[in-house]
Protein chains: 2
Amino acid sequence: MNIVLLSGGSGKRLWPLSNSIRSKQFVKFFKTDDDAYESMVQRVFRQIKTVDPTAVVTIATSKAQVSAIHNQLGDKVGVSVEPCRRDTFPAIALVSAYLADVQGIDPEEPVVVCPVDPYVENDYFEMLKLLSDQAGKGEANLVLMGIEPTYPSEKYGYIIPRSADQISFVDTFKEKPTANVAEEYISRGALWNGGVFAYKLKYVLDKAHELIDFTDYEDLYAKYETLNRISFDYAVVENEKKIQVMRFAGQWKDLGTWNTLTEAMTEPVIGKGILNDNCQGVNIINEMDVPVLAMGLHDVVISASPEGILVSDKEQSSYIKPYVDSIVQQVMFAEKSWGSYQVIDVEDRSLTIKVTLNAGHSMNYHSHRNRDEVWVVISGTGRTIVDGMEQSVQVGDVVTMGAGCRHTVIADTELKLIEVQLGEAISVEDKQKHEL
Amino acid sequence: MNIVLLSGGSGKRLWPLSNSIRSKQFVKFFKTDDDAYESMVQRVFRQIKTVDPTAVVTIATSKAQVSAIHNQLGDKVGVSVEPCRRDTFPAIALVSAYLADVQGIDPEEPVVVCPVDPYVENDYFEMLKLLSDQAGKGEANLVLMGIEPTYPSEKYGYIIPRSADQISFVDTFKEKPTANVAEEYISRGALWNGGVFAYKLKYVLDKAHELIDFTDYEDLYAKYETLNRISFDYAVVENEKKIQVMRFAGQWKDLGTWNTLTEAMTEPVIGKGILNDNCQGVNIINEMDVPVLAMGLHDVVISASPEGILVSDKEQSSYIKPYVDSIVQQVMFAEKSWGSYQVIDVEDRSLTIKVTLNAGHSMNYHSHRNRDEVWVVISGTGRTIVDGMEQSVQVGDVVTMGAGCRHTVIADTELKLIEVQLGEAISVEDKQKHEL
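Predicted model only: the values in this text are computed from it and were never measured.

A word on helix H6 (residues 201-211) of chain B
Here is step 1 of the chain: Within the sequence span of H6 of chain B, burial applies to Leu 201, Tyr 203, Val 204, Leu 205, Lys 207 and Ala 208 of chain B.
Here is step 2 of the chain: Residues of H6 of chain B that are buried sit in contact with helix H3 (88-101), strand E6 (110-115), strand E8 (142-147), strand E11 (191-200) and helix H8 (232-235) of chain B.

Here it is in structure tokens:
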């Protein structure tokens, strides 16, 4: 199976665990069998590989997420990077060209496109294989997954099939209705549109060439910024007569808010936390080193991260976005392709961070115009290169770098260091990359 | 007026702002007229000086609090330090000897003893002056403050006076009664015992010499550890016939729990915090750099500090102690006589702290057996002395100190530094002080 996972959105609705640079799909919420925690991306990837060990998985995403994807999945997935946001049709055209030209997939092969963050069991991915097989047959140009509704939701789009068969041609689509209208749709056999569709690679490539003037993936990537914003629904689905839908009746949850996310937690506390006996329906998700103590609360979610602390009635947590938008502060935590960093102290003219490099990884060779830096190695071993000179470093070693000095560090084992940044107007923008 | 403030207790009931080394009286809860915040100790000291600018204020306390007292009040108060805890009679004997022998107060002068943390207005301290004057007259050996009860509390001891006059001899004392019994006491004119009493210094010195074999303050201090634990009530009050009580009808609050403390807050949020419109009766007290967002909560207190995060129904917050006792972790923040420090990162074999030295202050000259340290100066100027060698330091300077190396830093301006501690089993106990 060739599967494309669409990974979008900055996801402020799960603040403080998600923020402008960390999306919810990378937050490690889910306990695995060996008592570790995995993110939505890791969970979905693991499930796909369980169901189909030979699946070719490609993630279509923006630049901001590439580091986190490599950090969490290594090189096990292909990554098709949108140079900028241009809605779903250009995005699906780009990843389709990537599959054909970079991954070398035969245009006659089927491809399944699926969101990166459904909270589902393995049967969902078994269903994706059936979708892929059905698309391969060529009876229809698009094969969608239709989810059996469990209530007349106003949040989802609806697919009205021609018949109640397991596989049916689609009669029409309906956008988010009121509850009453949704009930009427459901009585006619309507299904939720879960955003999953399968097609023969050639089908979308042909559509792309019809609407966009490009030769191959490289060319499309190069001119991506000039493309019009247009949705896949508008450009393709609405004009396509031959669309089938396959019914899926398994578990399917959209964990987009704290309210729905906490429902999926198998235990009430992640991280250091204490609930007293008078707490009911309380969840703690704590990424900080210090404990959270909750007493006498009902239906409340508490989440703490280096970005901030949320304490919300679960129902109210859906309305978080404007409040988070009002919070202006620098990013306090980021995953990078080489590891991660966390801001541990902020002063007017200094910033202190803890840097963790994964074994075998290194930062870009870079310099800063407006700040000096000091590194103190606190664990592991590695090598620094400072203005071209390489030196081994170990615990206790101190490296001082004036503004303009070119530097990097290579981790031989996992390497942690405290980095003190000193200067006026310290900014992540002040970074010049250099060739080594 | 000679006034002794009794400053005791570690105060876990206001965790995470108070902890094993920071007592509630040092937490800056109260907004002042110039928009700064002051602690209970600072508030009480300011009120005393407003009412009586010439008052001689002495704080009787334990070693653990001396640094915080000097940090918050400078040298404006005398401090009588108990070498160890020995209940109230030895403590009051010791501070009385301190007043006579160290402060040189005439034994014929009256002294008022008062808790360090009443939440009161200036009229309370006016009343202390009257108590002092009354004690000076010598009609009674002890003059107590009796607080007019506002409800039949089960939390306080009661004083039954002989008459309803403003000043009356005491008939008897009653310990914490049930509400019904308390109502009966109140109908007989009973008053709450607020723990305030005045006496001629000589009176307590004589009692002390009767019960303890000592010559002067130095001698008493030296043998303090050998003294029996005995309360002032048991040793003195219960045997004394000549006790007067003066009625006080002003505001008097005991801010011992989050529930009562939040009632005294003039605004709902201290520090970075946002309450949405659906919050009612919610208080945020946030000492961290990152924001707290509260949504849809009722009658909840949220407090965050480097020690941890509390989210509690206000009513339930009185029952916090056993939960806090169960939390085992190192101290993350401490006030010192020279400034303060905060732990900003904890790893297995390293600890990173931010140190703030007040201008003109310095640490003890010290060394560590089992850890190396690195200092990075992030603001201010000063001088370091390392193994006897003094050097000026400014922003960006790095000082490395191996185990055994003797060191201190003297702040010329306010000086901040990041200190990275490296070693196995890092402990605050591993500190050897040296003469300079």
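Remarks on the packing of helix H1 (residues 40-51) of chain A against helix H4 (residues 122-137) of chain A
Residue and element names in this part refer to chain A.
Here is step 1 of the chain: Orientation of H1 relative to H4, taken along the N-to-C sense of each, is 60 degrees, at an axis distance of 9 Å. Overall, the two elements H1 and H4 adopt an arrangement that is oblique. Two packed elements cross with a definite hand, and for H1 against H4 that hand is right-handed. On H4, the residues that touch Val 44, Gln 47, Ile 48, Thr 50 and Val 51 of H1 are Asn 122, Phe 125, Glu 126 and Lys 129.

Structural notes on the sheet that holds strand E16 (residues 283-286) of chain B
Here is step 1 of the chain: Taken together, six strands build an open sheet; the order of strands is E15(A)-E17(A)-E19(B)-E18(B)-E16(B)-E14(B) and the sheet is mixed. Looking at strand neighbours, the two that pair on one side only are strand E15 (273-275) of chain A together with strand E14 (269-270) of chain B, the edges of this open sheet.
Here is step 2 of the chain: For strand E18 (residues 300-305) of chain B and strand E19 (residues 308-313) of chain B, the ladder comprises six bridges, and the chain directions are antiparallel. Each bridged residue has a counterpart across the sheet, and for Ser 303 of chain B the counterpart in E19 of chain B is Leu 310 of chain B.

Some thoughts on the relation of the copies chain A and chain B
Here is step 1 of the chain: Note on the copies: chain A fits chain B at an RMSD of 0.1 Å, the axial shift is 0.0 Å, and the rotation between them is 179 degrees. With respect to symmetry, the two chain copies, as superposed, fit the operation of a two-fold axis. If distances are taken from each C-alpha of chain A to the rotation axis, the shortest is found for Ile 344 of chain A, at 2.8 Å.

Thoughts on the interface of chain A and chain B
Here is step 1 of the chain: The interface is formed by 54 residues belonging to chain A together with 54 residues belonging to chain B.
Here is step 2 of the chain: Between chain A and chain B the total buried area reaches about 4,100 Å² when both faces are included, carbon and sulfur atoms providing 69% of it.
Here is step 3 of the chain: If you sort the residues of chain A by the area they bury against chain B, Leu 293, Met 295 and Ile 309 of chain A come out on top, with a joint share of 16%.
Here is step 4 of the chain: Taken together, the connections running from chain A to chain B amount to six salt bridges.
Here is step 5 of the chain: Lys 354 of chain A is the salt-bridge partner of Glu 347 of chain B, the closest N and O atoms lying 2.6 Å from each other.
Here is step 6 of the chain: In this assembly, chain A and chain B are joined by 20 residue pairs in polar contact (both at pLDDT 80 or more).
Here is step 7 of the chain: With six residues, strand E19 (residues 308-313) of chain A is the largest single contributor of residues to the side of chain A that touches chain B.
Here is step 8 of the chain: Classifying every residue of the side of chain A that touches chain B by side-chain character gives 34 nonpolar, twelve polar and eight charged.

Remarks on the pattern of salt bridges
Residues and elements named next belong to chain B.
Here is step 1 of the chain: Inspection of every chain in the model, using the stated rule, returns 41 salt bridges over all chains.
Here is step 2 of the chain: Among the salt bridges present, the one from Arg 43 reaches Glu 121, with a minimum N-O distance of 3.6 Å. In this pair, Arg 43 sits in helix H1 (residues 40-51) while Glu 121 sits in the loop between strand E7 (118-120) and helix H4 (122-137), placing the two residues 78 residues apart along the sequence.
Here is step 3 of the chain: Taking the shortest distance from any N to any O, the salt bridge between Asp 412 and Arg 383 comes out at 2.9 Å. Separated by 29 residues along the polypeptide, Asp 412 in the loop between strand E28 (407-411) and strand E29 (415-422) and Arg 383 in strand E25 (residues 382-386) bring together distant segments of the chain.

As for the packing of aromatic side chains
Here is step 1 of the chain: Tallying each qualifying case throughout the model produces 28 aromatic pairs over all chains.
Here is step 2 of the chain: Connected via pairs of aromatic rings, a cluster forms that spans Phe 29, Phe 30, Tyr 119 and Trp 258 of chain A.
Here is step 3 of the chain: Across from the ring centre of Phe 30 of chain B, 5.7 Å away, lies the NZ or CZ of Arg 43 of chain B, which sits over that ring.

Regarding the sheet that holds strand E17 (residues 292-295) of chain B
Here is step 1 of the chain: Spatially, the six strands line up as an open sheet ordered E14(A)-E16(A)-E18(A)-E19(A)-E17(B)-E15(B), and their pairing is mixed. Strands with a single pairing partner mark the edges of an open sheet, and in this sheet they are strand E14 (269-270) of chain A together with strand E15 (273-275) of chain B.
Here is step 2 of the chain: Pairing analysis gives four bridges linking strand E16 (residues 283-286) of chain A to strand E18 (residues 300-305) of chain A, with the strands arranged parallel. The partner of Ile 285 of chain A across the bridge, within E18 of chain A, is Ser 303 of chain A.

Cut-offs used in this document
- Residues numbered from 1 in each chain as written.
- Chains lettered and ligands numbered in written order.
- Predicted model: local features only at pLDDT ≥ 70, side-chain atom pairs only at ≥ 80, totals over all residues.
- Heavy atoms only, no water.
- Buried < 20%, exposed > 50% of the residue type's maximum accessible area, 1.4 Å probe, protein only.
- Helix = DSSP H or I, 4+ residues; strand = E, 2+ residues; numbered from the N terminus.
- Contact = heavy atoms within 4.5 Å.
- Axes fitted to C-alpha atoms, helices over the stretch in contact; angles between N-to-C directions.
- Parallel < 35°, antiparallel > 145°, perpendicular 65-115°, else oblique.
- Left-handed = near helix turned anticlockwise from the far one by under 90°.
- Pairing = 2+ DSSP bridges.
- Least-squares fit on C-alpha atoms with pLDDT ≥ 70 in both.
- Buried area = accessible area lost by both parts, 1.4 Å probe.
- Salt bridge = Lys/Arg side-chain N within 4 Å of Asp/Glu carboxyl O.
- Polar contact = N/O pair within 3.5 Å; in protein donor to acceptor, adjacent residues only side chain to side chain.
- Nonpolar A, V, L, I, M, F, W, Y, C, P; charged D, E, K, R; others polar.
- Phe/Tyr/Trp six-rings, centres within 6.5 Å; stacked < 30°, edge-to-face > 60°.
- Lys NZ or Arg CZ within 6 Å of the ring centre and 35° of its normal.

Structural measurements only, silent on function.
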